[in-house]
Amino acid sequence: MTKGCTRREFITSSLTASVGLGLGAALACEPVRQEEMPGDSMVGGGALEDELTIYNWSDYIGTTTVSDFEREFGVRVIYDTYESNEDLLAKLQAGARGYDLICPTGYAVDVLRAFDLLAPLDRSLLSNWENLSPEFLGRSFDPENQYTVPWLWGLSGIAYRADLVASPPDSWGVFLDEAYRGKMTQPDDMRDVIGCWLKYRGHSGNSRDPEELAQAKADAIQAKENLKSFVSAPVKDQLIAGDVWIAQLWNGDTAQARAEEPEVAFKIPREGSMLYLDSMAIPRSARHPKAAHAFLNFILRPEVAAGISDRSGYGSPNAGALPLQTRPGLVPTPEEFVRLEYQEDLAEATALWDRIWTEIKVG
Amino acid sequence: MRSTRQRRILARIVSKPSTLLAPAGIWLIVFFVVPLGVMMVYSFMPRGVYGGVDSGFTLEHYRRFLDPLYLSILLRTTLMAAGCTTICLALGYPVAYAISRARRWKHVLLLLVIMPFWTSFLVRTFAMIFLMRDTGLINSVLMRLGLITEPIVMLYTPFAVMAGLVYTFLPFMILPIYASLERLPTSFLEAAEVLGAKPSARFRRIIFPLSLPGVVAGSLLVFVPALGSFIPSDLLGGAKQMLIGNLVQNQFGAARNWPFGSAASFVVMAVVLLGVMAYLRSGRGELATSLRDIG
Amino acid sequence: MTGRLPRWLGVVAGSVFLFLHLPILILVAFSFNASRFSAGWNGFTLDWYRAMTRRPDILRGLYLSLEIGLTSAVISTVLGTALALALHRYRFRGRATLESMMYVPLVTPEIVVGISLLALFAALNISLGVGTILIAHVAFSISFVTVIIGARLAGMDRSLEEAALTLGADEFTTLVRVTIPQLLPGIVAGALLAFTLSFDDYVITSFVTGSGTSTLPVVIYGMVRRTIEPTVNAVSAVVLGMTTLLIYVADWISRRGAK
């Protein structure tokens, strides 16, 4: 083999590279199209498909929900999980097909609809629809529930080890407290972290105001000194083990940790917090729409919804489920509810939030 | 048994370079060069409101990189990769040297060095987590022995990230250096010894300079992946640092800003290219032979 | 080389060796530990291995990784061997360019490879799945195989081939009966490397997977992020065992071939 590159070889390789890049350029200009599904609006009756692929949050379903469904309907279920809305959006945007059911949070539904990635529901197949509580219907991201079926709702708060902390933390400011340095975590999620500091200063968790965001950034960077790490749901194990004493965590995951370690407690800070509603939706590229609808109708049954809520620790939007629940979750009291606000999509402010998140991570 | 006609066709196929290189060449062009081209085009397109790209041409993404925030990320990542390379060199050279000197156990030792190289990098990172956690093995043992009362915080620190990186890439440094040391003609050394040169002088003047191609190859094999890595800083660093790999990954994930992510990738490639050109200048032979020795 | 090894050098080398292997050995040891939070040794158990077999996602991931790994190894080795032969035996226009292009994957950071392929598939509206993973794995494996086989070709004695050709065999027969057997250690090494690269890959795969196509590294990553359960140790131990076995097989074959 020759040593080094001669100048002519270098030029020829650059030329070839440019040709290749040029070809690539031609390709890149094609817009990403979405497939049209035959008979989009009316799925119609007929036999169920024999397979169903569900893409859901981890630890977000009942212990026997899937197996019960498989047995009753004779459908094989493939169950994949993700840890954040961004993972879900990134996957779908990149062209991952083959998911029949997904579970986006409210603001993610806005994005999915903007990209026209969701298929409208066929309500005629959802006979159990009436079981849903009206207060969870008609939300801003899907005013007529054309695309989404509410799944679970939850909120972000402070999970802590009652036996290891001096007093229950009741403010987001606890993360600025040096007494617990190295024993606290916040989620690796820009909506939750920046939202927390916005609420701390009395602003909206959906703020697009650069000044409010700059202040939130300053607080976040100061708090970062006290944090052990940025970690989302996986912090459960560390709470149970006692590695972490205070964690910003969602109420349902806290309930799951509490089931294994009763000293884990939950508090909604006095400044308020963010509420969210996760809903099931059918992507336009779904291959098994009938089975998807059958599953949706299945989980609208009160006893199934109760099982999902029991296991995950989150609140069910199903009115009939509440009396059937064996383990009520860590739900807020009515007066705490007043301090909660729903997460909304940031639209063009996403870039600003992302830059602030980068600065927080770097600072 | 093939008919003579078939054999003649097959013979023609394998004797012409164009047919031999066609499948691999096409695969590389279509699935390597073209994707880079696509990414390059993306890097010049404006971002759509909800993510994705709009049509148009803009330099804003590259200009954004001139922002001190992003330059600092690039600098920090480069320094970290360089630091990792240096530590790997300091730790790896003695090992390579020792193996090349060992007579009986050379083969076994080499196998032992190759093993981590072939094992899954995720598994090795997990091994580090396992050891360094507050309730992990190191702390438990030290506490049990009474040497410490509070667990030493090792995980989720820059130290953990560096340890993880070094642990992952050390074999990549050892093998090329060993390969070049092996090829040193013993006559040089014997002559030096006979002429009265001290061991340290022998090393400084003869051995090290002659092993330089291996050192450069190893450094490249460590520096390049270290530059683009983002998993160690996630898993071992507690996601508290943002390296250029994290930034790029974020743009293709949560931030949904593919154009900026593409621009950032090309900036990384530019840094890599500088390293590669330095390597090409010192000779390309070592990379191939060390990879052969791995096999 | 002459001379004894200075003591301090031996100590340093030995410590580094220990540093390389101890974490993995401990990891495997604790996969048999009967304690969930692994602070102390609680007794020997195979529970975690049993738990592993009861998890469909792990088993599916293992099967998928094996399937993709083997296919990728075969394709990369065939393509890479052909490319190596072309580059080393012939002179043609654009040879240096092709050779440079072949080196590019070796020095491209994995994340760039992953996202560029993602960008390509998105632009062409190709749905992500096993096919895209396979394409990606072959794309980065070809170069490794080519380099390894190329090195062997460079040092190969051509007299046997020349003898065969003189005796009247055509190029194809010569290739199959003479060249390839001589190259076999390199081919096997290349194939094993391609398999390992594919089997262990996380970064590139994570960008191009679709629904229900989580390979084992993707599953492991999810587990490592989510939980500290010793089941992860068990899975790791299995993966380690497999690759160690492969290394010994490769070594044995190459030693036989060298004779």
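Criteria and thresholds
- Residues numbered from 1 in each chain as written.
- Chains lettered and ligands numbered in written order.
- Predicted model: local features only at pLDDT ≥ 70, side-chain atom pairs only at ≥ 80, totals over all residues.
- Helix = DSSP H or I, 4+ residues; strand = E, 2+ residues; numbered from the N terminus.
- Buried ≥ 20, exposed ≤ 12 C-beta atoms within 10 Å, placed from the backbone.
- Contact = placed C-beta atoms within 7 Å.
- Domains from an automatic or database assignment.
- Nonpolar A, V, L, I, M, F, W, Y, C, P; charged D, E, K, R; others polar.
- pLDDT = per-residue confidence, 0-100.
- Core = buried A, V, L, I, M, F, W, Y, C linked by C-beta atoms within 7 Å.
- Pairing = 2+ DSSP bridges.
- Right-handed = clockwise from strand over helix to strand, strands pointing away.

Caption draft 1: Examining the overall build of chain A more closely. Looking only at helices and strands, one finds twelve helices and eleven strands in chain A. Taking all 363 residues of chain A together, the buried fraction comes to 50%.

Caption draft 2: Examining the overall build of chain C more closely. A tally of helices and strands in chain C yields eleven helices and zero strands. Dimensions of chain C along its principal axes, counting C-alpha atoms only, are 70 × 65 × 30 Å. A burial count over chain C gives 50% of its 259 residues as buried. Within chain C, residue pairs in contact and separated by at least 24 positions form 79% of the contacts whose partners lie at least 6 positions apart.

Caption draft 3: Region of the structure containing the domain arrangement of chain A. Residues and elements named next belong to chain A. Splitting chain A by domain gives domain 1 (51-153 + 276-330) and domain 2 (155-272 + 341-362). Centre-to-centre, using C-alpha coordinates, domain 1 lies 26 Å away from domain 2. Taken together, the residues of the side of domain 1 that touches domain 2 break down into five nonpolar, eight polar and three charged.

Caption draft 4: Quick peek at the confidence of the model for chain C. In this model, chain C carries a mean pLDDT of 83, and residues with pLDDT of at least 70 account for 93%. Reported confidence for the predicted complex is 0.83 by ipTM and 0.81 by pTM.

Caption draft 5: The interface of chain C and chain B, seen in detail. With 78 residues of chain C in contact, the opposing surface of chain B contributes 77 residues. Contributing elements (two or more residues each) for the side of chain C that touches chain B: α1 (7-30), α3 (56-89), α4 (95-103), α5 (110-123), α6 (130-154), α8 (171-200), α10 (216-226) and α11 (231-258) of chain C. Counting residues per element, the side of chain C that touches chain B draws most heavily on α1(C), which supplies twelve residues. Residue classes in the side of chain C that touches chain B are distributed as 58 nonpolar, 14 polar and six charged.

Caption draft 6: Representation of the confidence of the model for chain A. All names here are of chain A. Averaged over every residue, the pLDDT of chain A is 84; residues scoring 70 or more account for 87%. The element-level mean pLDDT for chain A is lowest in helix α1 (residues 7-28), coming to 54, with strand β3 (residues 101-102) highest at 95. Within the model, pLDDT remains below 50 along residues 1-6, and this stretch shows twelve contacts once partners closer than five positions in the same chain are excluded. In the predicted structure, residues 29-42 sits below a pLDDT of 50 and forms 16 contacts with residues beyond four places in sequence or in another chain.

Caption draft 7: Looking closely at the nonpolar core. Judged by nonpolar contacts, the single largest core of 267 residues is most densely connected at A:Ile194, B:Phe169, C:Leu83, C:Leu118 and C:Ala119. Ranked by the residues each element gives to this core, the list is headed by helix α8 (residues 158-182) of chain B, at 16 residues.

Caption draft 8: Up close: the pairing of strand β8 (residues 246-250) of chain A. Residues and elements named next belong to chain A. Of all five residues in β8, five are buried; the element is thus mostly enclosed. On β8, burial covers both faces: Ile 246, Gln 248 and Trp 250 on one face and Ala 247 and Leu 249 on the other are all buried. Pairing between strand β5 (residues 148-161) and β8: five bridges, direction antiparallel. Residue pairing across strands places Ile 158 opposite Gln 248, the latter belonging to β8.

Caption draft 9: Unusual backbone geometry, seen in detail. Residue and element names in this part refer to chain B. In this structure, Tyr 156 takes a positive phi of about 65 degrees despite not being glycine. By the secondary structure assignment, Tyr 156 is in the loop between α7 (137-144) and α8. Of note in the backbone geometry, Ala 239 takes a positive phi value of approximately 55 degrees without being a glycine. Tracing the chain through its elements places Ala 239 in the loop between α12 (231-235) and α13 (244-251).

Caption draft 10: Representation of α10(C) within the structure. The buried fraction of α10(C) amounts to eight of the eleven residues, a majority that puts the element mostly inside the structure. Along α10(C), the residues that are buried comprise C:Leu216, C:Pro217, C:Val218, C:Val219, C:Ile220, C:Tyr221, C:Met223 and C:Val224.

Caption draft 11: Just the pairing of strand β1 (residues 51-57) of chain A, in detail. All names here are of chain A. With respect to burial, β1 is a largely interior element, six of its seven residues being buried. Pairing between β1 and strand β2 (residues 76-82): seven bridges, direction parallel. For Leu 52, the partnering residue across the bridge sits in β2 and is Val 77. For the segment spanning β1, helix α2 (residues 65-73) and β2, crossover handedness is right-handed. The sheet contact formed by β1 and β3 spans two bridges and is parallel. In the strand pairing of β3, Tyr 55 is matched with Ile 102.

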